[in-house]
Amino acid sequence: MSVLWAKYNQLLDKQPILTKALTSLTGFTAGDILAQKFVNDDDQPYDVMRTVRLGTFGFLIHGTTGHYFYGFLDSKMPGTKPVTVATKVITDQVFWNPIFGCMFFGYLNLVEGKSFADYQNKLKADLKTAVMGSWAVWVPAHTINFAFVPPAQRLLYINSIQIGYNVFLSFLGNKKVEEPKLE
C-alpha cells in the first residue's frame, strides 16, 4: 500500500492536473455505479453510457477545475487557522458550490443532447437541492480538508468523500424533470 501511495504522490508532483483528473474520473465512475446498483429503484438495466457521462465529467471538469479552484484558495488564504479554514469553507460553499452545480447539470445536459430550456428547467428543479445537499456533506468535510489535509492531497481526500456524494449527484443528475405546467 505504501508503494501505491508513494507512486500516487510522485504522479501528483510530475503531472498534478492529469493525476487529479484521473482521481476524479475514478470517484465519479464509482459513485454512479453505486447509484445505479444500490440507489435507483426504477428497475432499469445498468446504463453504461450514464456511467461514462459521469466519469468523463469527473475527468474533464471536476479534476481540472478542482485543481485550479483549491489552488487559488490556498494561494489567497494560506494556513490552517480557524478563521482561514472557515473563510475557505464559506467561499467554497457560497460561491464554488452553485457554480459547480451549474457545471454539473450543464455538462450532463450537453452530453445528453438536451436543449438550453431543458438545462434551465433542471437548474430550477434541482440546483437548490444540490446546493443544500452539498452543505450537509461538504461543510464538515471541507473543515477537515482545509485544516488537516496537505494541499497536494486535497482532491484525493475530496474524491474519497465524493464517491458517496456522487451517489446523490448521480441520482439527482439523472432524475427526470417534470415539464413546467402552462397556466
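Residues numbered from 1 in each chain as written. Predicted model: local features only at pLDDT ≥ 70, side-chain atom pairs only at ≥ 80, totals over all residues. Heavy atoms only, no water.

Participant: Could you give me a rundown of empty space enclosed by the protein, with the residues and numbers involved?
Facilitator: Applying the stated criterion to the full structure yields one cavity of 30 Å³ or more. In terms of lining, the largest cavity is formed by 18 residues, of which the most central are Trp96, Phe100, Ser134, Trp138 and Gln162. The set of elements that each furnish at least two residues to the lining of the largest cavity consists of helix H3 (48-76), helix H4 (82-111), helix H5 (116-148) and helix H6 (154-173). With six residues, H4 is the largest single contributor of residues to the lining of the largest cavity. (1 Å grid on protein atoms, 1.4 Å probe; cavity = no way out; pocket = protein on both sides within 12 Å on 5 of 7 lines; lining within 4 Å. Points joined across faces, edges and corners; volume = space filled by probe spheres on them. Helix = DSSP H or I, 4+ residues; strand = E, 2+ residues; numbered from the N terminus.)

Participant: Hey, could you go over helix H1 (residues 2-14) for me, with residue numbers and the actual values?
Facilitator: In this model, H1 (13 residues) spans 18 Å end to end at C-alpha, consistent with the 18 Å of a helix rising 1.5 Å per residue. In this structure, the buried side of H1 is in contact with helix H2 (16-39) and H6. (Expected span 1.5 Å × (residues − 1). Contact = heavy atoms within 4.5 Å.)

Participant: Pulling in residues and values, what's your account of the environment of proline 151?
Facilitator: Summarising the element assignment, proline 151 is placed in the loop between H5 and H6. Along the primary structure proline 151 and glycine 71 are separated by 80 residues, whereas in three dimensions their C-alpha atoms are 7.6 Å apart.

Participant: Give a detailed account of the pattern of salt bridges, specifying residues and quantitative values.
Facilitator: Under the definition given, this model contains seven salt bridges. Residues aspartate 32 and arginine 50 are paired through a salt bridge, measuring 2.7 Å at the closest nitrogen-oxygen approach. One end of the pair, aspartate 32, is in helix H2; the other, arginine 50, is in helix H3, with 18 residues separating them in the sequence. Residue class for arginine 50 comes out buried when judged on its relative accessible area of 7%. In this structure, glutamate 112 engages arginine 53 in a salt bridge whose closest nitrogen and oxygen atoms are separated by 3.3 Å. Taken together, the positions of glutamate 112 in the loop between H4 and H5 and arginine 53 in helix H3 put the pair 59 residues apart, joining distant regions of the chain. (Salt bridge = Lys/Arg side-chain N within 4 Å of Asp/Glu carboxyl O. Buried < 20%, exposed > 50% of the residue type's maximum accessible area, 1.4 Å probe, protein only.)

Participant: Just give me the short version of the packing of H3 against H4, but keep the residues and values in it.
Facilitator: At a minimum axis distance of 11 Å, the contact between H3 and H4 shows a crossing angle of 155°. When the axis of H3 is compared with that of H4, the two are roughly antiparallel. Seen from above, H3 lies across H4 with right-handed handedness. Across from Arg53, Leu54, Thr56, Phe57, Leu60, Ile61, His62, Thr65, Phe69, Tyr70, Leu73 and Asp74 in H3, the residues of H4 making contact are Lys88, Thr91, Asp92, Trp96, Phe100, Met103, Phe104, Tyr107, Leu108 and Val111. When grouped by side-chain class, the residues that make up the contact of H3 with H4 number 14 nonpolar, four polar and four charged. (Axes fitted to C-alpha atoms, helices over the stretch in contact; angles between N-to-C directions. Parallel < 35°, antiparallel > 145°, perpendicular 65-115°, else oblique. Left-handed = near helix turned anticlockwise from the far one by under 90°. Nonpolar A, V, L, I, M, F, W, Y, C, P; charged D, E, K, R; others polar.)

Participant: Give me the packing of aromatic side chains: which residues, what numbers.
Facilitator: For the structure on display, the rule yields 12 aromatic pairs. Summarising the aromatic geometry, the rings of phenylalanine 100 and phenylalanine 104 are spaced 6.5 Å apart at their centres and angled 15° between planes, so their arrangement reads as stacked. One end of the pair is phenylalanine 100 and the other is phenylalanine 104, both in helix H4 and four residues apart, which spans about a single turn. Taking the relative accessible area as the measure of exposure, phenylalanine 100 reaches 10% and is therefore buried. Phenylalanine 104 sits in the buried class, given a relative accessible area of 0%. Members of the aromatic cluster, connected to one another through ring pairs, are Phe28, Phe57, Phe100, Phe104, Phe105 and Tyr107. (Phe/Tyr/Trp six-rings, centres within 6.5 Å; stacked < 30°, edge-to-face > 60°.)

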